[in-house]
Amino acid sequence: GMETHELMLVAAHAPALPVTVAFITGILLDRASALPFPIWWCACLTALLLCVILGRTGRQSASVTLLMLAWCALGGMRHHLRWSTVSPIDVSQHANEEVQPIKMMGVIVTPVTVQAADHSDMTPPWMQIDRSQCDLLCESLIGFDGPIPVVGRVRLIITGHLLHVNVGDRVEVTGQLVQPREPQNPGGFDYRQHLRRRGIRCLVVIDHPD
């Protein structure tokens, strides 16, 4: 319709840099405030409607400003969906900071990497063990009553060298499900947030590669 055409004309004249800045601003605002998704949605819809109305009256500068606000809200919506929203059957719903014994099925989605042990004099010999890690796309938890469908990604931490697994392999995993801990010291590396930026909310710690 005419409104859509006019909105497209306004968007065509909006410079790419302000659009990008507006989108990133929305992402940062949601990261800082964690506003509920309906607020972002209403803000985006309201800005677009006002943009169309003002565009029809010839107030193009105001329309461009509102369009930037809509892009800001879109950035907030996009970030909120990835950062704060999880499926009711996400595997992280079964995890907390206490260790939970777990058996699951899933597909390996990243190559296995080996973290060499710290062999310094400050590390006791019993802690000088290499560890392997990779990411698993979860499919189901295996319980006494059969498989329970789950979704989501976990980071596998395996004691020893995992040599017989490749990307794309479907595997059964037995280990301990746990949420990454927050930093113990102010300003320390936040491993939980590091993983969350990659869509990972929990770990599975495994005692042996087999």
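The preceding data block contains the structure.
An account of the accompanying structure is given in this report. Model, not experiment: these values are computed from the prediction.

### Looking at the overall build of the chain
Within the chain, the regular secondary structure consists of five helices and seven strands. Secondary structure of the chain in N-to-C order comes out as α-α-α-α-β-β-β-β-β-β-α-β. Against the 2.2 N^0.38 benchmark of 17 Å for 210 residues, the chain shows a C-alpha radius of gyration of 23 Å, more extended than a compact globule. For the C-alpha atoms alone, the extent of the chain along its principal axes is close to 75 × 45 × 30 Å. Across the chain, contacts joining residues at least 24 apart in sequence account for 74% of those joining residues at least 6 apart. Averaged over its 16 positive side-chain charges, the chain has a centre that lies 9 Å from the centre of its 18 negative ones.

### With respect to the environment of V99
Checked against the element boundaries, V99 lands in the loop between helix 4 (60–83) and strand 1 (100–108). Here V99 falls in the partly exposed class, since its relative accessible area comes to 47%. Look past the residues within four positions of V99 in its chain and what remains in contact with it is Q176 and L177.

### Digging into the pairing of strand 1
As defined by bridge partners, strand 1 adjoins strand 6 (residues 170–178) across eight bridges and the pair is classed as antiparallel. Residue pairing for strand 6: Q100 is matched across the bridge by L177. Here strand 1 pairs with strand 3 (residues 131–143) via five bridges, running antiparallel. Residue pairing across strands places M105 opposite S140, the latter belonging to strand 3.

### Examining the pattern of salt bridges
Taken as a whole and judged by the stated rule, the model has three salt bridges. Between D135 and R155 there is a salt bridge, with the nearest N and O atoms lying 2.4 Å from each other. You can see D135 sitting in strand 3 and its partner R155 sitting in strand 5 (residues 153–159), a full 20 residues away along the chain. Since its relative accessible area comes to 6%, D135 is described here as buried. The partner of E139 in a salt bridge is R170, with the nearest N and O atoms 2.8 Å apart. One end of the pair, E139, is in strand 3; the other, R170, is in strand 6, with 31 residues separating them in the sequence. The class of R170 is exposed, set by a relative accessible area of 53%.

### Points about helix 2 (residues 16–33)
The terminal C-alpha atoms of helix 2, which comprises 18 residues, lie 26 Å apart, in line with the 26 Å expected from a rise of 1.5 Å per residue. When we look at burial in helix 2, the residues that qualify are V19, A22, G26 and D30. For helix 2, the angular spread of buried residues about the axis comes to 70°, placing them on one side. Facing away from the buried side of helix 2 by over 90 degrees, the exposed positions are A16, L17, L28 and A32. Check the buried side of helix 2 and you find it contacts helix 3 (37–56) and helix 4. Residue A34 follows helix 2 closely and has a positive phi angle near 55°.

Quick notes on the rules
- Residues numbered from 1 in each chain as written.
- Predicted model: local features only at pLDDT ≥ 70, side-chain atom pairs only at ≥ 80, totals over all residues.
- Heavy atoms only, no water.
- Helix = DSSP H or I, 4+ residues; strand = E, 2+ residues; numbered from the N terminus.
- Rg over C-alpha atoms; globule rule 2.2 N^0.38 Å.
- Contact = heavy atoms within 4.5 Å.
- Lys, Arg positive; Asp, Glu negative; His and termini not counted.
- Charge placed at Lys NZ, Arg CZ, Asp CG, Glu CD.
- Buried < 20%, exposed > 50% of the residue type's maximum accessible area, 1.4 Å probe, protein only.
- Pairing = 2+ DSSP bridges.
- Salt bridge = Lys/Arg side-chain N within 4 Å of Asp/Glu carboxyl O.
- Expected span 1.5 Å × (residues − 1).
- Arc of directions from axis to C-beta.

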